[in-house]
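Results of the structural survey
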Amino acid sequence: MENTSLAPGWPRIEPRWTSSAKSGVGTSLGGRVWFSISHGILNEIYYPRIDQACVRDFGFLVVGPDFVAEEKRETAEALSWSSPGVPAFQLVNTCRQGRFTIEKKIVADPRRDAVLQRVKLRLSGDLSEHSLFGLIGPHLGDAGQHNTAWLGSYKGHEMLFAQRDGIALAVASSHGWVGRSVGFVGVSDGWQDLHQHRRQTWHYERAEDGNVAMMGELAMDVGEVDVAVGFGRTSNEAAHRALGALLQGFDAAWETTTSQWQAWQDRLLPLGLSPEHEEFYRVSTAVLRSHESSRFPGGLIASLSIPWGASKGDGDLGGYHLVWPRDLVESAGGLLAAGAHSDVLRVLRYLHVTQEDDGHWPQNMWLDGTPYWSGIQMDETGFPILLVELAHRQGILDERMLEQLWPMVRAAAGFIVRNGPVTQQDRWEEDGGYSPFTLAVEIAALVCAAGFAQKFEPEVAEYLRRVADAWEADIDRWTYVRNTEISRANDVDGYYVRIAAANAAGDDSLGTIAIKNRRRDHSTAQIQDVVSPDALALVRFGLRKADDPRITNTVAVIDARLRVELPQGPVWKRYDEDGYGEHEDGSPFDGTGIGRPWPLLTGERAHFELALGRREAAQQLLATMCASAGSGRLIPEQVWDGDDVPGQELFKGKATGSAMPLVWAHAEHIKLLRSLSEGFVFDTPMPVREHFETPRPTPWILWRFNHKLRSSFGRPIRIETLAPAILHWTVDGWKTSTNSELTATTLGNYGFNVTPTPGATELEFTFYWPTSDRWEGTNFKIRLAEVES
C-alpha cells in the first residue's frame, strides 16, 4: 500500500468537462447551489452562482472479486422526480451484467450551500467481497486546472477537500470513510488505482495545483450512507456546510425542498391538462425556475449544461452559462404563461438593471451584467419591450410599475430606431443583415413602445409608429425573393429568405443583395439559396396573417428543405448549410459540423399551425416536441437525424451532444400548452396585429448612414442622422438648393422630411455638421421615380 504525502503525476492531463445530455437539473428555492444529473450520476455542480461550475462530476465505482465497474459507464439509469415539478431525484442504476444496483436520492440542501446524496448498494453477491467508492472531480471556479485537493478533517470528521481561487469544497460521509486518496487525473487518481489493482492501494494526502480527483470508500455495511458536498470561500466554511447538512439530515432536506417547490408549483396555472401533459408541464416550469440565479434575482442562464462538454476544456464553456437577453425573455414568457407572475417581475427588474446606457443589452453576459461576446443583436433589444407589453396585457403591471419601466422601454426603442433595421447578427448569433425574425421583433417592439409612449410622451409615440410602418413596408423588398429555381421547384411565387445583407453600394431591391452563407469557407451564395423557419416570426409577432400567401409559400419551401421526419414526428433544422452540430460521423462539433433538427422549432411551428386554425396539427406537433425529450423529460437543443452511432451515444430522434436542457425550448413548451388551452397564440402582441390591420398613412422611406438607399420607391422621404446637421439638398442638379435643419426626435437622432417639387426625378444632398463646423464632403443621391420592387 502506497501512503506518501504528495500525489505524483503533475502537471496532469488537460481537463475536460462532461456530457451535456442531462436527465435532471435541480436546486433548492433560493439556494446557491445547482446541480445536474447525467448517466446516473451528479454532473456539474454550480456555486456560488449559477454561471460558475465547481464540480465536473461525482459518481461511484463498485469493486468486486473479479471486476471494477464505473457507475456512469456500466449501469442503466432509471431516474424519477420526487414528485411532479420538484427537482429532487431518485435514481436506480442497474449494472447491465446484473451484478449490483445503486439506489440514490439527490437533493440540494435548502438551508446550506450543499448537495446531499443518499446511497445504497444492492448486490447479487456477498457484501464483504465488494466495495463502493465515490469519485469526485473538482473544477472550481469554472476551471479544471490549478485545483488543489487534500485529505483533512473538520471538528474530528474526516473529509475530502479542494480549493481554488477563493472557492472551496468539502465532501463528508455520514459514516466516515473507509479509505481516502487524492491525485492527478489520468495518472494518480483513484480511478487509475482501482483499475490497476482492483482495490485501493494509494492513499495520497495532497495533489497541488492541477487537474485533480478525489476518492473515498464508503462504509456500506451500515446499509445506506448519506454523502454531502459543501461549498464555501474557505475549506472550513465548506466543511461546516457539509457537516451541517449531514447533521440536519437528508430527510429534512428532502422534505423541506419538496414542500417549498410544491408550494411554488401550487401557485401556477393548472391549464386543464391531461395527467401526462400535466407532469411534463411541471417539469418545464421547474426547469425554468431552476435556472434562475438567487444572487442576481431574475437572471436566468441558457442551460445548466456544456454542449459537447467532454471535448471542451477550461477555455470553452459554450456560452450556455450566460444570460442571453433573448433566451431570458423567452423564458420569462414561459413563466408568464404558467402564471408565475412574481418570477416575471424579477426578470423585468433584472433587465432594467442590466440595460446598457445607450439602451441595448449585450449579446450575452455574465449574471452581473458584464458582457461576454461583443456582438449586438437588435432583436435582443426588442424582446424586453415585448415582455413588458405581454406582462402589462396579462395584468401584472400596474400604472406605477409601468411608469418605472418606461425609461427602460424608451431607451430600448431609441436604440432600435437609431441602429435598426439591419441587425449585426441574427438570432442564431451568426450573420448580419435583413432578417425576417429580427425585423418582426424590432417592428413589433416599436409599435408596443409607441403604445406606452402614448401615456407618457405622445410625440414620441407618433414617431415610433411611423418608423415601424416604414420598416414594415420594406420587409418584402428586403427579404422576399421571387421567381427563383427553388420557388419554381416548389411551385410557389416566392418566399422569405433567412437573412439578406445590403451590399456596400447601398440598400436596393432584393435582386442586388447577396447573403453571407454559413459554409465554413465563408463563401457567398445567392440569397435565395438559404431559407429558415425564422420567417414564421412575422406571424408570431403580428405583422402577417398565417394564411398570407407569402407566408404559406415560405412554409412550403421550409418544409421541402428543412423538415426532417424522425420517429417521433417532424422536426425542423434552422437553415440551409447550418454548421452547428456534430460531424457526419458523429464526432463533436468543433467550430464546424452539420446542423441538426431543433425541437424548439417544432414548438414554433405548432404555434403557427394554431394561428392558422389547425389545432389538431398543433397538438400533434406538441406530442412530437415532448417525444424529443430525454429520459428525465428534458428537451434538448438538437436531436440526431442520421443513422445510429452507438459509440457516440447518438440515436435517431434523440438528443445530440448539444445543450440539454435548452431552457428556451421548455419555455416554448409551456407557451404552447397555454396557447392550446386558450385557442390562440399566447404571446402574439395584440397591439401589433391591430396596428397593421388598421389603415395607415403612406409610410416614409428612411435614409440613414447605416441604411442608405438609392430609390424612394414613390414614398415620402425622411433623412435621419445621429448628430445635429444641416441638410443641403437639391432636386434640379444644383440649379437651386435648400438648407434644412434636422429636428431632434428626443431619442438621440435627428430628422427631416423632404418634400421634393412635383415632377422631380432625383434628390441629391449632403450635410453640414455645425458642432464640428465641417461639410460631409460627399454627395448622396436618391431616385424619385417609382421603381419596381
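Higher on the page you've got the structure.
Residues numbered from 1 in each chain as written. Predicted model: local features only at pLDDT ≥ 70, side-chain atom pairs only at ≥ 80, totals over all residues. Heavy atoms only, no water.

Further remarks concern the overall build of the protein chain. For the protein chain, the helix and strand inventory stands at 19 helices and 32 strands. The C-alpha atoms of the protein chain give 29 Å as radius of gyration, which agrees with the globular expectation for 789 residues (28 Å, within 12%). Seen along its three principal axes, the alpha-carbon backbone of the protein chain occupies a region of about 100 × 55 × 50 Å. When burial is assessed residue by residue, the protein chain has 63% of its 789 residues classed as buried. (Helix = DSSP H or I, 4+ residues; strand = E, 2+ residues; numbered from the N terminus. Rg over C-alpha atoms; globule rule 2.2 N^0.38 Å. Buried < 20%, exposed > 50% of the residue type's maximum accessible area, 1.4 Å probe, protein only.)

Now for the sheet that holds strand S9 (residues 114–123). In a beta sheet, neighbouring strands are held together by backbone hydrogen bonds and run either parallel or antiparallel to one another. Ordered in space as S6-S7-S8-S9-S17-S13-S12-S11-S15, the nine strands form an open sheet in which the pairing is antiparallel. A single partner strand is all that each edge strand has here, and the edge strands are strand S6 (75–83) and strand S15 (206–210). Adjacent strand axes in the sheet meet at a mean angle of 20° when their direction is disregarded. Of the pairings in the sheet, the one linking strand S8 (residues 100–108) to S9 comprises nine bridges and is antiparallel in character. Counted as the bridge partner of Lys 105 is Arg 118 from S9. Packed on one face of the sheet, helix H4 (residues 250–266) meets S6, strand S7 (86–95), S8, S9 and strand S17 (224–232) and runs near 60° to S8. (Pairing = 2+ DSSP bridges. Axes fitted to C-alpha atoms, helices over the stretch in contact; angles between N-to-C directions. Contact = heavy atoms within 4.5 Å.)

Moving on, we come to the packing of aromatic side chains. Tallied over the full model, the rule gives 35 aromatic pairs. Seen from their ring centres, Trp 150 and Phe 161 are 5.5 Å apart, and the 10° between their planes marks the pair as stacked. Taken together, the positions of Trp 150 in strand S11 (residues 147–154) and Phe 161 in strand S12 (residues 157–164) put the pair eleven residues apart, joining distant regions of the chain. Classification of Trp 150 by relative accessible area gives buried; the value is 16%. Note on Trp 366 and Tyr 372: the rings are 5.4 Å apart at their centroids and 75° apart in plane angle, and the pair reads as edge-to-face. Put simply, the rings of Trp 703, Phe 705, Phe 765, Phe 767, Trp 769 and Phe 780 pair up and form one aromatic cluster. Its guanidinium or amino end placed over the ring of Phe 67, Arg 99 lies 4.2 Å from that ring's centre, counting from NZ or CZ. (Phe/Tyr/Trp six-rings, centres within 6.5 Å; stacked < 30°, edge-to-face > 60°. Lys NZ or Arg CZ within 6 Å of the ring centre and 35° of its normal.)

Now for the sheet that holds strand S29 (residues 750–754). Strand order across the open sheet formed by four strands is S24-S25-S29-S28, with mixed pairing between neighbours. The open sheet terminates on both sides in strands that have one partner only, identified here as strand S24 (701–703) and strand S28 (743–744). As paired strands, S28 and S29 are joined by two bridges and run antiparallel to one another. Its bridge partner being in S29, Thr 743 is matched across the sheet by Gly 751.

The terminal C-alpha atoms of helix H5 (residues 275–290), which comprises 16 residues, lie 22 Å apart, in line with the 22 Å expected from a rise of 1.5 Å per residue. Along H5, the residues classified as buried are Phe 280, Tyr 281, Arg 282, Val 283, Ser 284, Thr 285, Ala 286, Val 287, Leu 288, Arg 289 and Ser 290. (Expected span 1.5 Å × (residues − 1).)

This next bit is on the pattern of salt bridges. Scanning all chains against the criterion turns up 55 salt bridges. The partner of Arg 346 in a salt bridge is Glu 292, with the nearest N and O atoms 2.8 Å apart. Of this pair, Arg 346 sits in helix H7 (residues 341–354) while Glu 292 sits in the loop between H5 and helix H6 (325–337); the two residues are 54 residues apart in sequence, bridging distant segments of the chain. The salt bridge involving Asp 559 is made with Arg 605; its shortest N-O contact spans 2.7 Å. Here Asp 559 is found in helix H15 (residues 549–562), whereas its partner Arg 605 is found in helix H16 (residues 599–611), with 46 residues between them in sequence. Through salt bridges that share partners, Asp 469, Glu 472, Asp 476, Arg 544, Asp 548, Arg 550 and Arg 696 make up one connected network. (Salt bridge = Lys/Arg side-chain N within 4 Å of Asp/Glu carboxyl O.)

Given a rise of 1.5 Å per residue, 21 residues ought to cover 30 Å, and the 29 Å separating the end C-alpha atoms of helix H9 (residues 399–419) matches this to within 8%. If you look at H9, its biggest bend is around 40°, right at Leu 405, and the proline Pro 407 turns up within four residues after that. Two or three places before Arg 400, at the start of H9, stands the capping residue Asp 398, its side-chain oxygen 3.2 Å from that residue's backbone nitrogen. (Bend = angle between axes of the 7 residues up to and from the residue. Polar contact = N/O pair within 3.5 Å; in protein donor to acceptor, adjacent residues only side chain to side chain.)

What follows deals with the nonpolar core. As a rule of thumb, nonpolar side chains are buried together in soluble globular proteins. Ranked by internal contacts, the top residues of the largest apolar core, which has 223 residues, are Val 171, Leu 397, Leu 464 and Phe 541. With 14 residues, the top contributor of residues to this core is helix H10 (residues 436–456). In contact with Leu 464, not counting residues within four places along its chain, are Ala 413, Val 417, Leu 446, Ala 449, Ala 450 and Leu 747. (Core = buried A, V, L, I, M, F, W, Y, C linked by side-chain atoms within 4.5 Å.)

Both trends apply: most residues other than glycine have a negative phi, and most peptide bonds are in trans. Here Tyr 47 and Pro 48 are connected by a cis peptide whose omega angle stands at -10°. Tracing the backbone through its elements, the reader meets Pro 48 in the loop between strand S3 (41–46) and strand S4 (53–64). In this chain, Gly 420 is followed by Pro 421 through a cis amide linkage whose omega measures 5°. Relative to the assigned elements, Pro 421 resides in the loop between H9 and H10. Phi is positive for Phe 713, which is not a glycine, with a value near 55°. Mapped onto the fold, Phe 713 is located in the loop between S24 and strand S25 (717–721).

Further remarks concern the environment of Gln 424. Counting through the fold element by element, Gln 424 comes out in the loop between H9 and H10. With a relative accessible area of 52%, Gln 424 lands in the exposed category. In the structure, Gln 424 is positioned 49 residues away from Gly 375 in sequence and 7.0 Å away in space, judged by C-alpha atoms. When neighbours within four sequence positions are excluded, Gln 424 is seen to be in contact with Ile 376, Glu 430, Asp 431 and Gly 432.

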